[in-house]
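Observations on the model geometry
Residues per chain, in single letters:
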Amino acid sequence: MDVIEILIVGTNQPIMETIARLIDKEGTWKATVSFSFDDACKVCLSKDFKLALIGAGLTDKEELQLKAYLNELKPSLPIVKHYGGGSGLLFAEIHQALA
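The structure reproduced in this document is the subject of the present report. Please read these numbers as outputs of a predicted model, since none were measured by experiment.

Parameters and conventions
Residues numbered from 1 in each chain as written. Predicted model: local features only at pLDDT ≥ 70, side-chain atom pairs only at ≥ 80, totals over all residues. Heavy atoms only, no water. Core = buried A, V, L, I, M, F, W, Y, C linked by side-chain atoms within 4.5 Å. Buried < 20%, exposed > 50% of the residue type's maximum accessible area, 1.4 Å probe, protein only. Helix = DSSP H or I, 4+ residues; strand = E, 2+ residues; numbered from the N terminus. Contact = heavy atoms within 4.5 Å. Right-handed = clockwise from strand over helix to strand, strands pointing away. Pairing = 2+ DSSP bridges. Axes fitted to C-alpha atoms, helices over the stretch in contact; angles between N-to-C directions. 1 Å grid on protein atoms, 1.4 Å probe; cavity = no way out; pocket = protein on both sides within 12 Å on 5 of 7 lines; lining within 4 Å. Points joined across faces, edges and corners; volume = space filled by probe spheres on them. Nonpolar A, V, L, I, M, F, W, Y, C, P; charged D, E, K, R; others polar. Expected span 1.5 Å × (residues − 1). Arc of directions from axis to C-beta.

Quick look at the nonpolar core now. Ranked by size, the top nonpolar core spans 15 residues in total, and within it Ile6, Ile8, Ile19, Ile23, Leu53, Leu90 and Ile94 carry the most contacts. Secondary structure elements with two or more residues in this core: β1 (4-9), α1 (13-24), β2 (29-34), β3 (51-54) and α4 (87-98). In this structure Ile6 touches Ile23, Trp29, Lys30, Ala31, Thr32, Phe49, Leu51 and Ile94, once residues within four positions along its chain are discounted. Core analysis: the next-biggest nonpolar cluster, separate from the first, contains 14 residues, Leu7, Cys41, Cys44 and Ala52 among them.

The following block contains the structure:
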């Protein structure tokens, strides 16, 4: 089965690393973490992501710019704003976006 690459963007390193660990436990899912808008834009050029998950920490302007950049780069890429709420909600958000 193919690996599903998931981009996670947020500035809170411990939280983003926890989310990445949870995602990586899901067999075919592989998380890549970016801690800034600039890094996320660079990383997007290196992998074929199937989902972008935006966490806390980006400014509203950065979040809008990232969404615009991702939409231009790969219009079919689902972009999900993750507000927290535990692993059950995280997995539900990801499954829904990938469906």
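All right, on to the pairing of β1 then. Of all the six residues making up β1, five are buried; the element is thus mostly covered by neighbouring parts of the structure. As for the winding sense of the linkage, the β-α-β connection from β1 through α1 to β2 is right-handed. Examined bridge by bridge, β1 and β3 share four bridges and lie parallel to one another. Residue Ile6 lies in a different strand from β3, and its bridge partner there is Leu51.

Taken in spatial order, the four strands make up an open sheet running β2-β1-β3-β4, and their pairing is parallel. Edge strands, defined here as strands with exactly one partner in the open sheet, are β2 and β4 (79-81). Mean inter-strand twist for the sheet, computed between neighbouring axes without regard to direction, equals 25°. Against the sheet, α4 touches β1, β2, β3 and β4, its axis set at about 145° to β3.

Next up on the list: the layout of surface pockets. If you add up the space inside the largest pocket, you get close to 210 Å³. The wall of the largest pocket is formed by 15 residues, among which Ile15, Ile19, His82, Tyr83 and Gly84 lie closest to the centre. For the lining of the largest pocket, the elements supplying multiple residues, two or more each, are α1 and α4. Element by element, the count of residues in the lining of the largest pocket is highest for α1, at four residues. In terms of residue class, the lining of the largest pocket is built from seven nonpolar, seven polar and one charged.

Before going further, it helps to spend a moment on the environment of His95. Assignment of secondary structure puts His95 in helix α4. Distance in space between the C-alpha atoms of His95 and Leu58 is 24 Å, their sequence separation being 37 residues.

Below, the discussion takes up helix α3 (residues 60-73). Over its 14 residues, α3 extends 20 Å from the first C-alpha to the last, a length consistent with the 20 Å expected when each residue adds 1.5 Å. Buried residues of α3: Glu63, Leu66 and Leu70, and no others. Each buried residue of α3 lies within a common arc of 65° when the element is viewed along its axis, so the set occupies one face. Exposed residues pointing more than 90 degrees away from the buried face of α3 are listed as Asp60, Lys61, Leu64 and Glu72. In this structure, the buried residues of α3 make contact with β1, α2 (37-43), β3 and β4.

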